[in-house]
Amino acid sequence: MFLTCVETVTKELVSWMRGHESSVFSISVHASGKYAITTSSDTAQLWDLDTFQRKRKLNIRQSVGIQKVFFLPLSNTILSCFKDNSIFAWECDTLFCKYQLPAPPESSSILYKVFAVTRDGRILAAGGKSNHLHLWCLEARQLFRIIQMPTKVRAIRHLEFLPDSFDAGSNQVLGVLSQDGIMRFINTQTCKLLFEIGSLDEGISSSVISPHGRYIASILENGSLNIYSVQALTQEINKPPPPLVKVIEDLPKNKLSSSDLKMKVTSGRVQQSAKSRESKIQTRILKQDLTSNFESKKNELPDGLNKKRLQILLKGYGEYPTKYRMFIWRSLLQLPENHTAFSSLIDKGTHVAFLNLQKKYPIKSRKLLRVLQRTLSALAHWSVIFSDTPYLPLLAFPFVKLFQNNQLICFEVIATLIMNWCQHWFEYFPNPPINILSMIENVLAFHDKELLQHFIDHDITSQLYAWPLLETVFSEVLTREEWLKLFDNIFSNHPSFLLMTVVAYNICSRAPLLNCNLKDDFEFFFHHRNNLDINVVIRQVYHLMETTPTAIHPDSMLHVFVALTKGQYPVFNQYPKFIVDYQTQERERIRNDELDYLRERQTVEDMQAEVDQQRVEDEAWYQKQELLRKAEETRREMLLQEEEKMIQQRQRLAAVKRELKIKEMHLQDAVRRRFLKLQQDQREMELRRLDDEIGRKIYMRDREIAATAKDLEMRQLELESQKRLYEKNLTQNQEAVAKEMRADADAYRRKVDLEEHMFHKLIEAGEMQSQKTQKVMEENLAKAEQACLNTDWKIQSLHKQNCDDLQRNKCYQEVAKLLRENRRKEIELLNAMVEEEAKKRKEAEGKEFDLRSAKKASALSDASRKCFLKQEINAAIEHADNLCHKEKSRFQSEQEDSSCLPRTSQLNDTSEMDPSTQISLNRRAVEWDTSGPNLIKKVRNLRQRLTAQARHRCQTPHLLAT
């Protein structure tokens, strides 16, 4: 593995740094920029960034891996964290170990995986596969705080302190990224959760904070990159706290005994003006803690909340705190958070009814459209009626926009709304709920007859002034803040509160409604936002809830709130099933007809397209043919013009050719005369050159004859010397062959003697080992006998001394008995050893007999082999002598034939030698030269072949013996 260092400005490669065998997962740079530490699983290396050379290397045992090694900010200290939870601090220059942090307590012992240090280098935060955080004080070198994260956190994946320009480096806000993909920012001093980023659906994979702490960049698990503004995230935190002084309500009219009330005194801080903020005044706030006799169990909500108290808080402030609104809604609606059931609905995919949702509701945000489509599909899979409900997207859209980051909560809020606040809405499906609209009309008739009469006079029914508000849950006529405030009150009251809100909205808008006379004006009014105070509407709703008679009050016809069941969602079948089934069948039939129509239309369109294409092609072909015809006429005119020009040019060329022909005839005549003169000169030069060549050939022939005579004389001398040299080499080769055979025989005899000597040594070693074993056995037997005698003597002595002690006598008798048994066993062992020794001796005698037999067989084979070798050698020598005798006789006959030639003295005069005599002498010398070496080669090859056969037979004596 290697590291690359790149210049950020020029983007050029500066250096390569090699040294790691495994992948590098951490790089830490010193504050001065001079050093850097790279960490892998098996080692950490310190680099000098001035020279890009490795300065030091941290080696560890293989069983203990490195977790992280890094520089502490604004210091010269290196902190090394290992996988066994040991943390060491080292001096950067000397690499001297400054200290080691102690082990954490066993009650909260975790394996550290991630670390973070404040900018001043005083606090170290460590976490791992647990919801506990350990804060170490590096100055005091001790663990000073353990922070327990929420129960949803099971493991911590990343830690990072949030920098602040005004805390002098002692960062107090720590970002904790857990396994659920949510990064929570907590205050390490107060241990409070400040804010969080990410969600379960869009979890964070990794995150980093800018050096000044203004922005947070996060990479989500789906690959997208989000950048958060810390200032916007901490807006709610930086708000001034609400006043802690609250009004004590009067007690109920019932008389309470003193034992029924418990007063709890708590201390709080009263917010004062800017001039007196420095002084802190403690006030006492009295709170009533009523017992369960006055608070019904139905007001108790999950997470320790009380519905009655929330209603009191809501009436006092008009809305719930924005920071805790979602938490309160989840408690009021008692959402079960059935993850498994919701996942099964989501896994069914997009419902057919909402495949083309974007065409009917073109939403700009792709994410919001996708969440809306997924939520509506889950509702349709939950109950079939919702796939045919046209106003379901309008009903669900505000909740989808509000809970788009948590689809489970969004689905359960909508399902709870339908189960409770939309009771009896689907009894007249697919028509609007006539029964619900009749309730609203009865209440409006009781409280504002004039307005209702105005609606009747202008033919305005409840389907126009009530149903648009219900099917959109007021999202079209209210702003986001107004809508949230309204649903704070709706979710905190009886389901009839929603119907009363419709009546209150009409009553509060009676002035503009009484001025409307056209139906289009009424439709516009109930589909657009109006200048209306929502607080007045809410107060009017509470007034209607209290003053409406029981006979026409909607709460008498609507059930109380019922939460969704835990584990599985309840069955929703409050609708006319036959109508829904009929509509489903009709819709399916229409869909099939539409598909058939689309297929036929597609076929017709394809045929029309083919016809159009053919027509276009035909038109193009006709146009092309017309263009070709015009081009042909143009080319013919041009061709006629060119032919006329060519005729004129041919006439001019004929005149020029005649002139050139005359000039050519004159030139040819001049060239012919000049060529004849040149040919005559060349022939004269050739004759002179031939005369010179003849003279040079004659001179060269004379020189060659003289040189050949000298070469023949030298060749004769060389042949004589070669003859003597061949005879000498032949004699030496015979002696070398004889010597080699003697050496082979001596080597074989030495090998045989060595083998016999080694075998005798083996036998002697076996005998010596047997003698040593026998000697050891005899010594052991003697020692055993001596021990037996000593034991007998001791037994007799003890028997004489302790004759009165019968018990001891029995014990000694038992001991003597055991000793006798041991002696018997020793004797048996000795006999067995003697028998084994006899067996071994017999086996040795048998092997010795086999050895003697083998020696005899080897001697016989040696004798037969020697006899065979002698016969072969004699035959080879006789054959070689015969060949030599034949060659010698042929050589003598050749010498006698050559006696008729001139003598050596006559050969000296080469100038008078006949050329035929020279050639004959040369041929004879060559024949002698070739016959002599061939004979020597034959003899040498024969001897080598005989020697090889002898060696082969020596190596395989058993074949000769056979």
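Residues numbered from 1 in each chain as written. Predicted model: local features only at pLDDT ≥ 70, side-chain atom pairs only at ≥ 80, totals over all residues. Heavy atoms only, no water.

Quick word on the overall build of the protein
Consideration 1: In terms of regular secondary structure, the protein is built from 22 helices and 23 strands.
Consideration 2: When the 962 residues of the protein are sorted by exposure, 31% land in the buried category.
Consideration 3: Residue pairs in contact within the protein that sit at least 24 positions apart in sequence constitute 56% of those at least 6 positions apart.
Consideration 4: Put simply, the protein shows about 64200 Å² of open surface, and 54% of that area lies on carbon and sulfur atoms. (Helix = DSSP H or I, 4+ residues; strand = E, 2+ residues; numbered from the N terminus. Buried < 20%, exposed > 50% of the residue type's maximum accessible area, 1.4 Å probe, protein only. Contact = heavy atoms within 4.5 Å. Areas by Shrake-Rupley, 256 points an atom, 1.4 Å probe, with all protein chains shown as cover.)

Focus on the sheet that holds strand E15 (residues 156-161)
Consideration 1: Sheet architecture is open: 4 strands sit in the order E15-E16-E17-E18, paired in antiparallel fashion. The open sheet has two edge strands with one neighbour each: E15 and strand E18 (192-197). Direction aside, the axes of adjacent strands within the sheet are offset by 25° on average.
Consideration 2: Both strand E16 (residues 173-178) and strand E17 (residues 183-187) contribute to a ladder of 5 bridges, which runs antiparallel. (Pairing = 2+ DSSP bridges. Axes fitted to C-alpha atoms, helices over the stretch in contact; angles between N-to-C directions.)

Things to note about the UniProt feature "coiled-coil region" (unreviewed entry) in the protein
Consideration 1: Taken from the UniProt record, the annotation "coiled-coil region" (unreviewed entry) applies to residues 597-659 and 815-847.
Consideration 2: Strand forms 0% of residues 815-847 and helix 100%; the C-alpha atoms that close the span are 48 Å apart. (UniProt positions renumbered as here; feature names shortened; annotations may be inferred.)

Topic: the packing of helix H7 (residues 392-402) against helix H8 (residues 407-420)
Consideration 1: Running from N to C, H7 and H8 point in directions that differ by 130°, and their axes come no closer than 10 Å. Taken as axis vectors, H7 and H8 run oblique relative to one another. Crossing handedness for the pair H7 and H8: right-handed. Facing Leu392, Leu395, Ala396, Phe399 and Val400 of H7, the residues of H8 in contact are Cys410, Val413, Ile414, Leu417 and Ile418.
Consideration 2: Tallied by class, residues from the contact of H7 with H8 come to 10 nonpolar, no polar and no charged. (Parallel < 35°, antiparallel > 145°, perpendicular 65-115°, else oblique. Left-handed = near helix turned anticlockwise from the far one by under 90°. Nonpolar A, V, L, I, M, F, W, Y, C, P; charged D, E, K, R; others polar.)

Comments concerning the packing of helix H6 (residues 366-382) against H8
Consideration 1: Relative to each other, H6 and H8 sit at 50°, their axes nearing to 10 Å. When the axis of H6 is compared with that of H8, the two are oblique. In the crossing of H6 with H8, the sense of the turn from one axis to the other is right-handed. Between H6 and H8, the contacting residues are Val371, Arg374, Thr375, Ala378, Leu379 and Trp382 on the first element and Gln407, Cys410, Phe411, Ile414, Ala415 and Met419 on the second.
Consideration 2: Each residue belonging to the contact of H6 with H8 can be placed in one class, and the counts come to 9 nonpolar, 2 polar and 1 charged.

Some points on the packing of aromatic side chains
Consideration 1: The final tally for this structure, using the stated rule, is 32 aromatic pairs.
Consideration 2: When the centroid spacing of 5.2 Å and the interplanar angle of 65° are considered together, the rings of Phe411 and Tyr569 count as edge-to-face. Here Phe411, found in helix H8, pairs with Tyr569, found in the loop between helix H17 (534-547) and helix H18 (577-801); they are 158 residues apart in sequence, far enough to count as distant.
Consideration 3: For Phe411, a relative accessible area of 1% gives the class buried.
Consideration 4: By relative accessible area, Tyr569 is classed as buried at 11%.
Consideration 5: On the numbers, 5.3 Å between centres and 65° between planes, the contact of Trp621 with Tyr622 is edge-to-face.
Consideration 6: Each member of the aromatic cluster is reached from another via a ring pair, and the members are Phe342, Trp382, Phe386, Tyr391, Phe411, Trp425, Phe426, Trp467, Tyr569 and Phe572. (Phe/Tyr/Trp six-rings, centres within 6.5 Å; stacked < 30°, edge-to-face > 60°.)

Things to note about the side chain of Asp180
Consideration 1: Note that Asp180 resides in the loop between E16 and E17.
Consideration 2: In this structure Asp180 comes out as buried when scored by relative accessible area, which is 14%.
Consideration 3: Within the local environment of Asp180, its side chain forms a polar contact with the side chain of Ser178, the two groups lying 2.3 Å apart.
Consideration 4: Of note is the side chain of Asp180, whose polar atom sits 3.0 Å from the side chain of Arg184. (Polar contact = N/O pair within 3.5 Å; in protein donor to acceptor, adjacent residues only side chain to side chain.)

Things to note about the sheet that holds strand E10 (residues 97-100)
Across a sheet, paired strands are connected by hydrogen bonds in the backbone, their directions being either parallel or antiparallel.
Consideration 1: The strand order E7-E8-E9-E10 describes an open sheet built from 4 strands, whose pairing is antiparallel. Two strands in the sheet have a free side with no partner beyond their single neighbour: strand E7 (66-71) and E10. Mean inter-strand twist for the sheet, computed between neighbouring axes without regard to direction, equals 20°.
Consideration 2: By the bridge criterion, 5 bridges tie strand E8 (residues 77-82) to strand E9 (residues 87-91) in an arrangement that is antiparallel.

Re H6
Consideration 1: Across its 17 residues, H6 extends 24 Å between first and last C-alpha, which sits within 8% of the 24 Å expected from 1.5 Å per residue.
Consideration 2: Residues of H6 that are buried: Leu368, Leu369, Val371, Leu372, Gln373, Thr375, Leu376, Ser377, Ala378, Leu379, Ala380 and Trp382.
Consideration 3: The inward-facing, buried residues of H6 contact helix H4 (339-347), helix H5 (357-360), H7 and H8. (Expected span 1.5 Å × (residues − 1).)

What to know about the pairing of strand E14 (residues 142-148)
Consideration 1: Sheet topology places strand E13 (residues 132-137) next to E14; 6 bridges connect them, and they run antiparallel. Note that in E14 the partner of Leu133 across the bridge is Ile147.
Consideration 2: What sits between the antiparallel neighbours E13 and E14 is a turn of 4 residues, in which Arg141 has the positive phi angle 60°.

Some remarks on the pattern of salt bridges
Consideration 1: All told, the structure shown has 29 salt bridges when counted by the stated rule.
Consideration 2: Of the charged contacts, one joins Glu828 and Arg824 as a salt bridge, the two residues approaching to 2.7 Å between their closest N and O atoms. Placement of the pair is Glu828 and Arg824 together in helix H19 (residues 806-897), with a separation of 4 residues, close to one helical turn.
Consideration 3: For Arg824, a relative accessible area of 38% translates into the label partly exposed.
Consideration 4: Ionic contacts of the salt-bridge type, sharing partners, join the residues Asp120, Arg122 and Glu139 into one network. (Salt bridge = Lys/Arg side-chain N within 4 Å of Asp/Glu carboxyl O.)

Quick look at the environment of Met545
Consideration 1: Within the secondary structure layout, Met545 lies in helix H17.
Consideration 2: Remark: the alpha-carbon pair of Met545 and His494, spanning 51 residues in sequence, is separated by 9.7 Å.
Consideration 3: Those residues within four positions of Met545 in sequence are excluded, and the remaining contacts are Ser496, Phe497, Met500 and His553.

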